[in-house]
Amino acid sequence: MGKSGQKKQLTLAVANANPATVIKLKFDKNIELGENFTLTAAQLGQNFDLTGNLVTKVERSPEQSGRESCTYQYPQTVCRSIAKSVEPALETTQATIAKLDQTTDFSNLASVPSVPSAEVSKNHGQHPGQYNTPNCHTVWVSRPGTMFVCYFIETTLRDINARFVQGEKTLADYQGKASSSERIYTYQGTCN
């Protein structure tokens, strides 16, 4: 038995000829098969019913522990330089100094400290009137790590015994087994 898209499918080879007759049964995968079940001819798209029982048994291993690989997100700051213009600020500063010079009487002061000329550096390939300022932001980077875990293995075993029947007549018998395992975590530590 298997699943194909929205359908469950069952392939049956009937050894009544050489080569055997192959019958493919497809039915809605949402049909629940209880311990005792019947799928009608209409559900199977055939002229016979499928009736039987399904025994499901779940086994759990003893709890185990250890370290496993994992991935975690780490914040990292990234900065880029952005050129900004200082010409408007420079013009405002120069205008304020000129106005102060015209309206203030400095004659009674012994000495006035000199104000350095407000020039903007032209070094490092910058344009006149510009300076560099950092623009920083955080990005999240995936990093490999390990974490401590506790878990057990849950194994589901299914045994099916079924008969293909038409009215009161049994056309064929079917027996099958299936198993699937899943890791169930009882504890997962921090990934680092």
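Cut-offs used in this document
Residues numbered from 1 in each chain as written. Predicted model: local features only at pLDDT ≥ 70, side-chain atom pairs only at ≥ 80, totals over all residues. Heavy atoms only, no water. Helix = DSSP H or I, 4+ residues; strand = E, 2+ residues; numbered from the N terminus. Buried < 20%, exposed > 50% of the residue type's maximum accessible area, 1.4 Å probe, protein only. Contact = heavy atoms within 4.5 Å. Areas by Shrake-Rupley, 256 points an atom, 1.4 Å probe, with all protein chains shown as cover. Disulfide = S-S within 2.5 Å. Phe/Tyr/Trp six-rings, centres within 6.5 Å; stacked < 30°, edge-to-face > 60°. Lys NZ or Arg CZ within 6 Å of the ring centre and 35° of its normal. Salt bridge = Lys/Arg side-chain N within 4 Å of Asp/Glu carboxyl O.

1. Structural notes on the overall build of the protein chain
Of the regular secondary structure elements, the protein chain holds 2 helices and 8 strands. Order of helices (α) and strands (β) in the protein chain, N terminus to C terminus: β-β-β-β-α-β-β-α-β-β. Residues classed as buried in the protein chain amount to 21% of the 192 residues present. At a minimum sequence separation of 6, the contacts of the protein chain that also span at least 24 residues come to 65%. Summing over all exposed atoms, the protein chain offers an accessible surface of approximately 14300 Å²; the carbon and sulfur share of this is 49%.

2. A word on the state of the cysteines
This model, assessed by the stated rule, comprises 2 disulfides. Residue pairing for cysteine 79: its cysteine sulfur links by disulfide to cysteine 136, the two sulfurs lying 1.9 Å apart. Judged by the sign of its S-S torsion, about 110 degrees, the bond between cysteine 79 and cysteine 136 is right-handed. Highlighted residues: cysteine 79 in strand E6 (residues 64-85) and cysteine 136 in strand E7 (residues 130-166), separated in sequence by 57 residues. The exposure class of cysteine 79 is partly exposed, given its relative accessible area of 45%. Residue classification places cysteine 136 among the partly exposed residues on the basis of a relative accessible area of 41%. For the protein chain, the bonded cysteines connect in the pattern 1-4, 2-3 when numbered consecutively along the sequence.

3. Some thoughts on the packing of aromatic side chains
Scanning the model with the defined rule gives 3 aromatic pairs in all. Ring geometry for phenylalanine 48 against phenylalanine 164: centres 5.6 Å apart, planes inclined by 85 degrees, an arrangement best described as edge-to-face. Taken together, the residues span a long stretch of sequence, with phenylalanine 48 in the loop between helix H1 (41-44) and strand E5 (49-60) and phenylalanine 164 in strand E7 at a distance of 116 residues. Phenylalanine 164 carries the same exposure label as phenylalanine 48, and that label is buried. Its end group placed over the ring of tyrosine 74, arginine 143 keeps NZ or CZ at 3.9 Å from the ring centre. Sitting over the face of the ring of tyrosine 151, arginine 183 holds its NZ or CZ atom 4.0 Å from the ring centroid.

4. Examining the environment of aspartate 49
Its place among the elements puts aspartate 49 in strand E5. Classification of aspartate 49 as partly exposed rests on a relative accessible area of 26%. Between the C-alpha atom of aspartate 49 and that of leucine 171, which follows or precedes it by 122 residues, the distance is 9.7 Å. If we skip the residues at most four places from it in the chain, aspartate 49 touches Leu39, Thr40, Ala41, Leu44, Arg163, Phe164 and Val165.

5. What about the pattern of salt bridges?
The tally for this structure, following the rule as stated, stands at 4 salt bridges. Across the salt bridge formed by glutamate 154 and arginine 60, the nearest N and O atoms sit 3.3 Å from each other. Here glutamate 154, found in strand E7, pairs with arginine 60, found in strand E5; they are 94 residues apart in sequence, far enough to count as distant. What makes glutamate 154 buried here is its relative accessible area of 18%. Residues glutamate 68 and arginine 183 are paired through a salt bridge, measuring 2.4 Å at the closest nitrogen-oxygen approach. Taken together, the residues span a long stretch of sequence, with glutamate 68 in strand E6 and arginine 183 in strand E8 (residues 169-188) at a distance of 115 residues.

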